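# Descriptive structure summary
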Amino acid sequence: MKRGNEVERLLLEGKLSRREFMARMSAMGLAAAVSPLLSSMPAMAAGPKRGGRLRLGLNGGATSDTLDPGIQLAMMPQTLVYGTLANSLVEVDADGRPVPELAESWEASPDAKKWIFKLRKGVEFHNGKTMDADDVIYSLNWHRKKGTKSAAKPLVESIAGMTKTGKYTLTFELEEGNADFPYTLSDYHLVVGPKETDLAKGVFTGGYMIKTFEPGVRAFAVRNPNYFKSDRAWFDEVEILGINDVNARTNALKTGQIDVMNRCDLKTVHLFKRMPGVQVMRQDGFKHFTFAMRTDTAPYDNNDVRLALKYAVDREQLVKTILRGYGRVGNDHPISVANRYHADELPQRSFDPDKAKFHLKKAGLPGTTFKFHAAEVAFKGAVDAGVLYKEQAAKAGITIDVVREPNDGYWNNVWMKKPFCAVFWAGRATEDMMFSTAYAKGVAWNDTFWDHKRFNELLTAARAELDEKKRRGMYVEMQRIVRDEGGVVVPMFSADLSAAGDKIGHGKLAANWELDGFRAPERWWFKS
Amino acid sequence: MTWFKSNSIAALMLKRIGLGLVTLWVISLLIFVGVEALPGDLAEAVLGQSATPETVAAFRKELKLDLPPHVRYAAWLGAFVRGDFGNSLANKRPVVDLISWRFANTLFLAGVTAIIAVPAAIVLGILAALYRNTLFDRLISMATLSTISFPEFFVAYILIALLSVQVALFPSIANVNEQMSFWQKLYAIFLPCLTLAMVVTAHMMRQTRAAIINILSSPFIEMANLKGLKRLRVIVLHAFPNALSPVINVIALNLAYLVVGVVIVEVVFVYPGLGQLLVDSVSKRDIPVVQASGLIFAATYVFLNLLADVLSIVSNPRLRNPR
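Residues numbered from 1 in each chain as written. Chains lettered and ligands numbered in written order. Predicted model: local features only at pLDDT ≥ 70, side-chain atom pairs only at ≥ 80, totals over all residues.

### Details of the overall build of chain B
How we decide: Secondary structure follows DSSP: runs of H or I at least 4 residues long count as helices, runs of E at least 2 residues long count as strands, and numbering of each begins at the N terminus. What counts as a contact is two residues whose backbone-derived C-beta atoms lie within 7 Å of each other.
Along its length, chain B carries 15 helices and 0 strands. Dimensions of chain B along its principal axes, counting C-alpha atoms only, are 85 × 65 × 35 Å. Long-range pairs, those at least 24 residues apart, make up 73% of the contacts in chain B between residues at least 6 apart in sequence.

Here it is in structure tokens:
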């Protein structure tokens, strides 16, 4: 039965279609021996049930965390605030589309500059107040007001004005057209709380109400009986434990002390998958790692140098060793296969020592030593990736010197300071967000200090374009430009691996954030 | 004023407490300078990769991080001596709220461990001295020395693998919270407690054994042996009280370690103690929390050392009446 089990696992992980599965099983003469495990498939499940206490053990919590929606910087508060306690106007569904949440519907003017949002009526906050347009304005201004500390400020900067045009209607005026504006409003920072209150108190509209919150340690919430969604928030109670050590998380799940964990250990996940009673879930999202070069600094201001360094990476080997196969190769642009306008038609760049040599020679810089700065905090395995890169580049006659930097203060002292370094990107749900966060001229996180005229023009044009086909063409061109002229090597996209006890039921997993878009507490359920 | 001789225990204690306060003040200064010397400040550390110049500036302004360091230190010290520990810069919670229950947790774990480990170490030490150079002595020495030689996390993972994963006897994470009863908490911390006990027992046991063996060569032990007293009685009643002084010192050091040095065990067992808080606060440059936890640790050391000195003086008449 061993092979049969393996095939079942492939099916459960979505690597096989049902048809392929049946074919393989009957080829083994096992069609009748299909285990009851498969009844956990959403298509065959009996439907969600209410009740129980969901216990999540999460990496990414610190004692300095807060419930302030503007300062949500790690997985534990993000899952707690966005996934458990609160809602945004718009939600991103499992297929990556924006769907109404606190908004009921929306429409845009033809230039995508003016957006009218109709709000859902009868939504109650945890304190009993009914939500209306004033609360939404107050909550968005939390990130816009003068002197705000919100990390979401760049997201809402494009809103030139918000007007209440009815108790439940809101009109947004944008500085320039943005066809993806609903996506912007689905951001996990932009949740809605009651007006004139401190949003860091944790009072929102979500499916659960906070009872205790000890930053970095434990959060406990109980179901909101007046939740406006009847088909969500199935658990009675949600308990989130901060468990930063991956072995502690794994053991806690194995011994049944928690029901769900995030970020499995890539080194041992193959053993974990074989454990009875455990399901390992893979999400191929937007998360990617980059080697960023400052295009305003010699020698990286020369595109031939950049191309040489792009051709000198063996991506397959990096995915195989650093990600243990749990990821995909990158094509030197930050758009993932999970994005809507991913350019499948662009040829995949592969390891080519000859081309690397050629471009370095063309730049007139053979024999240069490139200093590559990395630290484990950039991404797990960044230093190892640097060492592998060094070996690979050596085959093309390129000398890379890996400088190991301290974890502490990496984002302040190395990133955007050193001309060539390893970077982590969680990625963005839309092409526009990703490009305008890190590739547009002069934005705060443009870590390659890149300024490309055609790219910047296309970025503005594509943002306001409501015609799908034209838009796609523009984004494909932009991906090509970044790939061929940009300042990043994007060697790989990393998959998210989480695990749960097999009693947990869930539908198709949304790929926008870890754990079903942070929404496991809201979307998942206990099967029995 | 006969009780207040310059060499009496009371005078010694007063002097030591005074010195202790000076030590704490110097430590607070060192902590402040140390955290200031680290690159970056709270605003940058909290926002990390998502820091932009504007939000960082807003952060600094609100938390008064834009003031010069000596002004901030003076403000903190002024509030501190009035008993105000201030608020955490990162999440604005009062430092007292953050620290008090964690410190209680830390003391709980340290206390339970000490209750198990100290008597065990002393009994084992006495037995080892009693059966010196026998197989039993060697076995105990080897066993305790091996547990102390392994890193704590290794001992911890082995215990988890054996007692939690293989045989589901004890929980692998010591997740204690206020909803649990005393016995439930005791059950939850069994594995971290065992880990720590294994790590600290060796020191104390070896010291007990060495001190007793040292005393065993003294003339009065020979006298006791010549009187025909039983060996156990000689060791427990004659040798051990005279060996107390060095043993007490080692015990005090180990107790201090149980309070301040267990951050790895806290991480492995996800135990919400003070160590994790200190690590997080340093990485976030949250100075008020770092100061308060650092001072608690320092005060623990100062207090336990003072206690050890007083106890060894009390236990040793020669130190009590110095000529």
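### What to know about the overall build of chain A
Test applied: Atoms counted for the radius of gyration: C-alpha only. Globule rule: 2.2 Å times the number of residues to the power 0.38. Neighbour density around each residue's C-beta defines its exposure: 20 or more other C-beta atoms within 10 Å make it buried, 12 or fewer make it exposed, and counts between make it partly exposed, where C-beta atoms are placed from the backbone.
Of the regular secondary structure elements, chain A holds 18 helices and 21 strands. Over its C-alpha atoms chain A spans a radius of gyration of 24 Å, differing by no more than 12% from the 24 Å that the globule rule assigns to 528 residues. For chain A, the spread of C-alpha atoms along the principal axes amounts to about 70 × 65 × 45 Å. A buried classification covers 51% of the 528 residues belonging to chain A. If you take every contact in chain A between residues at least 6 apart in sequence, the share linking residues at least 24 apart comes to 69%.

### Comments concerning the confidence of the model for chain B
In plain terms, the rule: For every residue, the pLDDT score states the predictor's confidence, bounded by 0 at the bottom and 100 at the top.
With 97% of its residues at a pLDDT of 70 or more, chain B shows a mean pLDDT of 86. In the model of chain B, helix 15 (residues 317-320) of chain B stands out as the element of lowest mean pLDDT, 71, in contrast to helix 5 (residues 95-130) of chain B, which has the highest, 91.

### Observations regarding unusual backbone geometry
Phi is mostly negative for residues that are not glycine, and the peptide bonds are mostly trans. Residues and elements named next belong to chain A. The omega angle of the peptide bond from Ala 298 to Pro 299 is 0°, so this bond is cis rather than trans. Of note, Pro 299 is situated in the loop between strand 13 (288-293) and helix 9 (303-311). Phi at Glu 196 takes a positive value of approximately 55°, unusual for a residue other than glycine. Take Glu 196: it is sitting in the loop between helix 6 (181-185) and strand 8 (208-214). One non-glycine residue with positive phi stands out, namely Arg 263, at about 50°.

### Let's talk about helix 9 of chain A
Among the 9 residues that make up helix 9 of chain A, 7 are buried, leaving the element largely enclosed by the rest of the structure. On its buried face, helix 9 of chain A sits against strand 13, helix 11 (353-362), strand 15 (369-374) and strand 18 (488-494) of chain A.

### Details of the pairing of strand 6 (residues 159-166) of chain A
Residue and element names in this part refer to chain A. Applied cut-off: Strand pairing is assigned whenever DSSP detects at least two bridges linking the two strands.
Judged from the 6 bridges that link them, strand 6 and strand 7 (residues 169-174) form a sheet pairing that is antiparallel. Looking at the pairing, Met 162 lines up with Phe 172 of strand 7. Linking two consecutive strands that pair antiparallel, namely strand 6 and strand 7, is a turn of 2 residues.

### Side note on the sheet that holds strand 4 (residues 103-108) of chain A
Residues and elements named next belong to chain A. Cut-off, in case you're wondering: Orientation is described by axes fitted as lines to C-alpha atoms, over the contacting stretch for helices, and by angles from 0 to 180 degrees between their N-to-C directions.
Spatial ordering of the open sheet is given by 4-5-7-6, a layout of 4 strands whose pairing is antiparallel. Because the sheet does not close on itself, it has two edges, and the strands there are strand 4 and strand 6. On average, each strand axis in the sheet is inclined to that of its neighbour by 20°, with strand direction left out of account. In this structure, strand 5 (residues 114-119) lies alongside strand 7, joined through 5 bridges in antiparallel fashion. Among the inter-strand pairings, Phe 117 is bridged to a residue of strand 7, identified as Leu 170.

### Some words on the confidence of the model for chain A
Residues and elements named next belong to chain A. In the predicted model, chain A carries a mean pLDDT of 88, and the fraction of residues at 70 or more is 91%. Per-residue pLDDT, averaged within each element of chain A, yields its smallest value for helix 2 (residues 18-27) (48) and its largest for strand 11 (residues 260-261) (96). Within the model, pLDDT remains below 50 along residues 25-44, and this stretch shows 23 contacts once partners closer than five positions in the same chain are excluded.

### Some words on the packing of helix 9 (residues 190-216) of chain B against helix 11 (residues 231-260) of chain B
Residues and elements named next belong to chain B. What counts, and what does not: Oblique is the label for every angle not falling under 35 degrees (roughly parallel), over 145 degrees (roughly antiparallel), or within 65 to 115 degrees (roughly perpendicular). We call a crossing left-handed when the near helix sits turned anticlockwise from the far one by less than a right angle, and right-handed when that turn is clockwise. Basically, the charged four are Asp, Glu, Lys and Arg, the nonpolar ten are Ala, Val, Leu, Ile, Met, Phe, Trp, Tyr, Cys and Pro, and anything else, Gly included, counts as polar.
Between helix 9 and helix 11, the shortest axis-to-axis distance is 8 Å and the interhelical angle comes to 150°. Considered as vectors, helix 9 and helix 11 are oriented roughly antiparallel to each other. The way helix 9 lies across helix 11 gives a crossing that is right-handed. In this structure, helix 9 uses Leu 196, Val 200, His 203, Met 204, Gln 207, Thr 208, Ala 211, Ile 212, Ile 215 and Leu 216 to contact helix 11, whose residues at the interface are Ile 235, Ala 239, Phe 240, Asn 242, Ala 243, Pro 246, Val 247, Val 250, Ile 251, Asn 254, Tyr 257 and Leu 258. For the contact of helix 9 with helix 11, the residue count by class is 17 nonpolar, 5 polar and no charged.

### Describing the nonpolar core
Grouped burial of nonpolar side chains is what soluble globular proteins tend to show. Note the following rule: We define a nonpolar core as a collection of buried residues of the types Ala, Val, Leu, Ile, Met, Phe, Trp, Tyr and Cys that are connected via C-beta atoms lying within 7 Å of each other.
Judged by nonpolar contacts, the single largest core of 233 residues is most densely connected at Ala308(A), Ala312(A), Ala378(A), Ala422(A), Ala174(B) and Phe269(B). Looking at this core element by element, the count peaks at 14 residues for helix 5 of chain B. Those residues in contact with Ala174(B) that sit more than four places away from it in its chain are Ala188(B), Ile189(B), Leu191(B), Pro192(B), Phe269(B), Val270(B) and Tyr271(B).

### As for the interface of chain A and chain B
Across the contact, 36 residues belong to chain A and 41 residues belong to chain B. Elements represented by at least two residues in the side of chain A that touches chain B include exactly helix 5 (153-156), helix 7 (246-254) and helix 13 (410-413) of chain A. Ranked by the residues each element gives to the side of chain A that touches chain B, the list is headed by helix 7 of chain A, at 5 residues. Grouping the constituent residues of the side of chain A that touches chain B by class yields 14 nonpolar, 15 polar and 7 charged.

### Points about the environment of Arg428(A)
Residues and elements named next belong to chain A. With respect to the helices and strands, Arg 428 occurs in the loop between strand 17 (420-425) and helix 14 (431-438). The class of Arg 428 is buried, set by 22 C-beta atoms lying within 10 Å. Setting aside residues up to four positions removed in sequence, Arg 428 forms contacts with Phe 286, Met 433, Met 434 and Thr 437.

### A few points about the environment of Ser141(B)
Residues and elements named next belong to chain B. For Ser 141, the location among the structural elements is in helix 6 (residues 135-149). Look at Ser 141 and you get partly exposed, because 16 C-beta atoms sit within 10 Å. Here the alpha-carbon distance between Ser 141 and Met 205, two residues 64 residues apart in the chain, equals 8.5 Å.

### Topic: the packing of helix 9 of chain A against helix 11 of chain A
Residues and elements named next belong to chain A. Where helix 9 contacts helix 11, the axes come no closer than 8 Å and their chain directions differ by 165°. Here helix 9 lies roughly antiparallel to helix 11, going by the angle between them. Crossing handedness for the pair helix 9 and helix 11: left-handed. From helix 9, Asp 304, Val 305, Leu 307, Ala 308 and Tyr 311 reach across to helix 11, where they touch Lys 355, Ala 356, His 359, Leu 360 and Lys 362. Its residues assigned to classes, the contact of helix 9 with helix 11 shows 6 nonpolar, 1 polar and 3 charged.

### Let's talk about the pairing of strand 9 (residues 218-223) of chain A
Working note: regular strand, side chains alternate between the two faces of the sheet. Residues and elements named next belong to chain A. Pairing of strand 8 with strand 9, which is carried by 6 bridges, proceeds in the antiparallel orientation. Considered in strand 9, the bridge of Thr 212 is made with Phe 220. Where strand 8 hands over to strand 9, the hairpin turn is made up of 3 residues, of which Gly 216 adopts a positive phi near 80°.

### Overview of the environment of Leu388(A)
Residues and elements named next belong to chain A. Examined against the element boundaries, Leu 388 turns out to sit in helix 12 (residues 382-394). For the pair Leu 388 and Ile 322, spaced 66 residues apart in the sequence, the C-alpha separation amounts to 9.3 Å. The contact partners of Leu 388, leaving out residues within four places of it in the chain, are Gln 317, Leu 318 and Thr 321.

### Section: helix 9 of chain B
One full turn of an α-helix is made of 3.6 residues, so residues set three or four places apart face in the same direction. Under the convention used in this document: The span you would expect from a helix comes to 1.5 Å times its residue count less one. A residue's bend is simply the angle between two axes: one fitted to the seven residues ending at it, one to the seven starting at it.
Over its 27 residues, helix 9 of chain B extends 37 Å from the first C-alpha to the last, a length consistent with the 39 Å expected when each residue adds 1.5 Å. Of all the bends found along helix 9 of chain B, the most pronounced is centred on Thr201(B) and spans about 35°.

### Concerning the sheet that holds strand 1 (residues 53-58) of chain A
Residues and elements named next belong to chain A. As summarised here, the arrangement of the 7 strands in space is 8-9-10-1-11-19-12, forming an open sheet in which the pairing is mixed. The open sheet has two free edges, formed respectively by strand 8 and strand 12 (278-283), since each of these has just one partner strand. One ladder, built from 5 bridges, connects strand 9 with strand 10 (residues 237-242); its direction is antiparallel. If you follow Phe 220 over to strand 10, its bridge partner there is Glu 239. Strands in contact with helix 3 (residues 75-85) are strand 1, strand 8, strand 9 and strand 10; relative to strand 10, the strand with the most contacts, it is inclined by about 165°.

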